[in-house]
Amino acid sequence: MAAAAAVEAAAPMGALWGLVHDFVVGQQEGPADQVAADVKSGNYTVLQVVEALGSSLENPEPRTRARAIQLLSQVLLHCHTLLLEKEVVHLILFYENRLKDHHLVIPSVLQGLKALSLCVALPPGLAVSVLKAIFQEVHVQSLPQVDRHTVYNIITNFMRTREEELKSLGADFTFGFIQVMDGEKDPRNLLVAFRIVHDLISRDYSLGPFVEELFEVTSCYFPIDFTPPPNDPHGIQREDLILSLRAVLASTPRFAEFLLPLLIEKVDSEVLSAKLDSLQTLNACCAVYGQKELKDFLPSLWASIRREVFQTASERVEAEGLAALHSLTACLSRSVLRADAEDLLDSFLSNILQDCRHHLCEPDMKLVWPSAKLLQAAAGASARACDSVTSNVLPLLLEQFHKHSQSSQRRTILEMLLGFLKLQQKWSYEDKDLLSYEDLELAVGHLYRLSFLKEDSQSCRVAALEASGTLAALYPVAFSSHLVPKLAEELRVGESNLTNGDEPTQCSRHLCCLQALSAVSTHPSIVKETLPLLLQHLWQVNRGNMVAQSSDVIAVCQSLRQMAEKCQQDPESCWYFHQTAIPCLLALAVQASMPEKEPSVLRKVLLEDEVLAAMVSVIGTATTHLSPELAAQSVTHIVPLFLDGNVSFLPENSFPSRFQPFQDGSSGQRRLIALLMAFVCSLPRNVEIPQLNQLMRELLELSCCHSCPFSSTAAAKCFAGLLNKHPAGQQLDEFLQLAVDKVEAGLGSGPCRSQAFTLLLWVTKALVLRYHPLSSCLTARLMGLLSDPELGPAAADGFSLLMSDCTDVLTRAGHAEVRIMFRQRFFTDNVPALVQGFHAAPQDVKPNYLKGLSHVLNRLPKPVLLPELPTLLSLLLEALSCPDCVVQLSTLSCLQPLLLEAPQVMSLHVDTLVTKFLNLSSSPSMAVRIAALQCMHALTRLPTPVLLPYKPQVIRALAKPLDDKKRLVRKEAVSARGEWFLLGSPGS
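Here is what the cut-offs are and how they apply
- Residues numbered from 1 in each chain as written.
- Predicted model: local features only at pLDDT ≥ 70, side-chain atom pairs only at ≥ 80, totals over all residues.
- Heavy atoms only, no water.
- Helix = DSSP H or I, 4+ residues; strand = E, 2+ residues; numbered from the N terminus.
- Rg over C-alpha atoms; globule rule 2.2 N^0.38 Å.
- Buried < 20%, exposed > 50% of the residue type's maximum accessible area, 1.4 Å probe, protein only.
- Contact = heavy atoms within 4.5 Å.
- Areas by Shrake-Rupley, 256 points an atom, 1.4 Å probe, with all protein chains shown as cover.
- Lys, Arg positive; Asp, Glu negative; His and termini not counted.
- Charge placed at Lys NZ, Arg CZ, Asp CG, Glu CD.
- 1 Å grid on protein atoms, 1.4 Å probe; cavity = no way out; pocket = protein on both sides within 12 Å on 5 of 7 lines; lining within 4 Å.
- Points joined across faces, edges and corners; volume = space filled by probe spheres on them.
- Nonpolar A, V, L, I, M, F, W, Y, C, P; charged D, E, K, R; others polar.
- Polar contact = N/O pair within 3.5 Å; in protein donor to acceptor, adjacent residues only side chain to side chain.
- Disulfide = S-S within 2.5 Å.
- Patch = residues over 30% accessible without salt bridge, like charges linked within 9 Å, V, L, I, M, F, W, Y side chains within 5 Å.
- Salt bridge = Lys/Arg side-chain N within 4 Å of Asp/Glu carboxyl O.
- pLDDT = per-residue confidence, 0-100.

Chemist: Give a description of the overall build of the chain that names residues and reports values.
Modeler: Looking only at helices and strands, the chain has 52 helices and zero strands in total. Taken against the 2.2 N^0.38 rule, which gives 30 Å for 988 residues, the C-alpha radius of gyration of the chain at 39 Å runs more than 25% over that of a compact globule. Referenced to the eigenvectors of the C-alpha coordinate spread, the extents of the chain come out at roughly 125 × 80 × 70 Å. In the chain, which comprises 988 residues, the proportion classed as buried is 54%. Contacts in the chain between residues at least 24 apart in sequence constitute 73% of all its contacts with a sequence separation of at least 6. A total accessible area of about 43000 Å² is found for the chain, and carbon and sulfur atoms account for 53% of it. Both charge centroids of the chain, one from 84 positive and one from 103 negative side chains, sit 5 Å from each other.

Structure representation (structure tokens):
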């Protein structure tokens, strides 16, 4: 019995010995995985593996010993979690001793130590013991790359799990690592080494007297000069190394005395990449440095940055130089000083002002912009810096503005002034005595005058308006006292001139006045003065005191919209504008919609499509930024106005008859549904709309009324906008069913087919944007209409609406539910059906499919389109032969970027492309001619050998559009023909 048990126990050990022999002597790799698997499954223990390896581990031949230790190390890498503490102790002692062995053995020993460094059962003190042994016995930089990487991994593992033990080594650990890393060249190892150095510093390991040595061993790689080899399997990029090294160099102020001279040297070099890297590293260092570290280097740093901004030909270097100056100033601004310490910020800014100030006064203004950029970079760093710089610069700029007479020079000064004012606004200095009373009064006078410059000085006038808005936010009292009264008087004079007849010059001043009033409305107190002026101007039209044209009212509405946009940034101004302007506009519109025996000019003007669209823009802009609470207050007034005729909240609300736009109201009253749409479709989604069920049914009914297309379209858009925001549930399903029934009934024979189609289009868009399941059914219905003799062309154009962004409803700004990838999803779900429908359609219907397809593709993000291009290109080329100019233009717009982004695919069709583009360059449509010539220009981006055979033909053909009667066509022809002339020439 005993003999049988011994034989049974010896059997598995025999198998183990066989596997060991196959690996060590037979040089087979497979047995190592088998042994590891058997240990993990419990068939063998690690001790049994050591016993089986016994003679091989002591073999006098180094290669045999190395092979035996390699097997043991591979087993430990797989099974280190199974080791007991006692086993770990013995194994570590064994491996430490083997570090003294032959160099052929060392790689396998390091793999074993790597496995043991991962052990949870590692007793205290052994991590220090292992690292001391490595530091003492192994010359790491003489090892191959993979073995050096193993050493870095051992150190990383111990730093992660045995930090306190390693810190007990003090600076010896830092010195040992410096020896390990010194001379490393492989980028894979450097990434790990840089991370270790960063952890040494950030986790507060002792650097002792080795700060400079640690800096030297890492800074020798700065700036990084590494280009990854082609098809590099490791994927290491130059930027990875740059960022890792920068994190080290900028991790401690203790490197400052060594690093800053190095950065200055590299900034002053001629190597562009070195300049950029140095300036970016300086920027990063300023986050951890203080005045103490920067003090001795500030003059040199400023000199280097100044030179780069003044002299560089690289915009990137200029931008990084300005960013570094900003960071330096910010660093000096936030340093906490002793009571007796020097404030370096003042002296630093004094140097900047001294070197830049005089350039602002030079007659040729050659260095004025670089100087302004430097000053603005410093001023933007802190409130203190802003106050110091602007108090010196702004009076000087005002003085220079007065001295210069050319509009271009004055524009430059205004733009600089605006930049400094925006910085001042950033630091919220409303009551700071930045400008004296006299300077401020002078500035207001200049800005008033510049606001009324003639059209040939448009750019200067725009700059003046922008500067006025910025300055008004800082000095509202001054602008209320000096500028607003002048503008009010100018508006009154303009009204008087309009009453007497329109003179072009006076009309131009009147428009400038309206623009100036909205431009300065950047402070709540000013809005309360300027908004009543504009609204009063509209009431003058209402009372018939002025000769009104639609352009006059539209100009006022545009100013109101701009004012509403400025008010969005301040909740108080936003609510004031809304509750003041919206009732006024509604009252004016309701008054104009009332039936009269003799229609007045006002009725004709305020109810025109363009004027109502301008009012829609004002109401929508004034509503989008309301808080839900305030919006809820407003909705309780405006919805009952349209449903019940409740006009009690409107000013001057004594109307001759009831306002009933839904109940058999007049055509004029129905047109005002557009204003309701602007309001309810701009509300936040969580605002409850009163009488919603009645409102939706009324809108649905009006949407299919054929007597007034403007009103029916507004109703359809309003219905769709509310559908889009409505939460999922039974009520939404009921509204959708009502809409589908209405559409199907209207699309039958009858006078309302066009209106029913418009309703279908807008409801489909509302659902496509929110990924509603019914959208696919409605889109299929729309595709079916492509074959309709009456509605087919409109259905094709409908795909443009589905893919485009709207401006008045279904917008993200108006809180609509717009899914980010809706265009991509629409493309995936519907383009295959469009392509299939095109192939199956009769010849006279195919253009509708092509037009619909071109609309979808033209508005699709190009990265989505490129993979599908090979299958769709033949259809796009066929679309170029379609006689419809809209199809041609849409297709050309789609093809032009593809010529730049997919040249290889497009090259396969170059013969067809050249022929069709040249044919379309003679199209009756100017827009098509221009687009075709732009595509001919883009063709030159294809591979030159493909194009050269066509060069003579193209140059001859492009001579014809050089004589086109339209200047814009001639311009594109010159550009395209020039590129074809250069094709194939040296350096092209």
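Alright, that's what it looks like, and here's the rest.
Chemist: Go over unusual backbone geometry with me, naming the residues and quoting the values.
Modeler: Looking along the chain, the bond that leaves Phe-222 and enters Pro-223 is cis, with omega of -10°. Topologically, Pro-223 is positioned in the loop between α12 (211–219) and α13 (238–249). At Gln-691, a residue that is not glycine, the phi angle is positive and equals roughly 55°. Within the fold, Gln-691 resides in the loop between α35 (673–680) and α36 (692–703).

Chemist: Which residues make up empty space enclosed by the protein, and what values go with them?
Modeler: Applying the stated criterion to the full structure yields two cavities of 30 Å³ or more. Looking at the largest cavity, the residues that line it are Leu-397, Leu-398, Phe-401, Ile-413, Leu-414, Leu-417, Ala-443, His-446 and Leu-447. Within the residue set of the lining of the largest cavity, elements represented by two or more residues are α21 (383–403), α22 (407–426) and α23 (437–450). A class-by-class count of the residues in the lining of the largest cavity yields eight nonpolar, one polar and no charged. Space inside the second largest cavity adds up to approximately 40 Å³. Around the second largest cavity, the lining residues are Leu-263, Ile-264, Val-267, Ser-278, Leu-279, Leu-282, Leu-301, Ser-304 and Ile-305. Counting residues per element, the ones that place at least two in the lining of the second largest cavity are α14 (256–267), α15 (272–285) and α17 (298–311). Looking at the lining of the second largest cavity residue by residue, the class counts come to seven nonpolar, two polar and no charged.

Chemist: Pulling in residues and values, what's your account of the environment of Gln-934?
Modeler: On the secondary structure map, Gln-934 appears in helix α49 (residues 926–939). Linking Gln-934 and His-537, residues 397 residues apart in sequence, is a C-alpha distance of 46 Å. Leaving out residues up to four positions away in the same chain, Gln-934 has contacts with Gln-896 and Glu-972. One polar contact links Gln-934 to Glu-972, side chain to side chain, over a distance of 3.4 Å.

Chemist: Quick rundown of the state of the cysteines? Include the residues and the values.
Modeler: A full pass over the atoms with the stated rule returns zero disulfides. Free cysteine Cys-574: the closest other cysteine sulfur is in Cys-567, separated by 7.1 Å. We classify Cys-574 as buried; its relative accessible area is 6%. Here Cys-584 is not cross-linked by a disulfide; its sulfur's nearest cysteine counterpart is in Cys-557, at 10 Å.

Chemist: I'd like a rundown of a negative patch on the surface, residues and numbers included.
Modeler: Negative charge collects at one region of the surface, where Glu-212, Glu-213, Glu-216 and Glu-257 lie side by side. Tallying contributions element by element places α12 first for the negative patch, with three residues. Of note, Glu-213 is situated in helix α12.

Chemist: Please set out the confidence of the model for the chain residue by residue, giving values where relevant.
Modeler: For the chain, mean pLDDT is 87; residues scoring 70 or higher make up 93% of the total. Below pLDDT 50 for its whole length, residues 1–11 participates in zero contacts with residues either more than four positions away or in separate chains.

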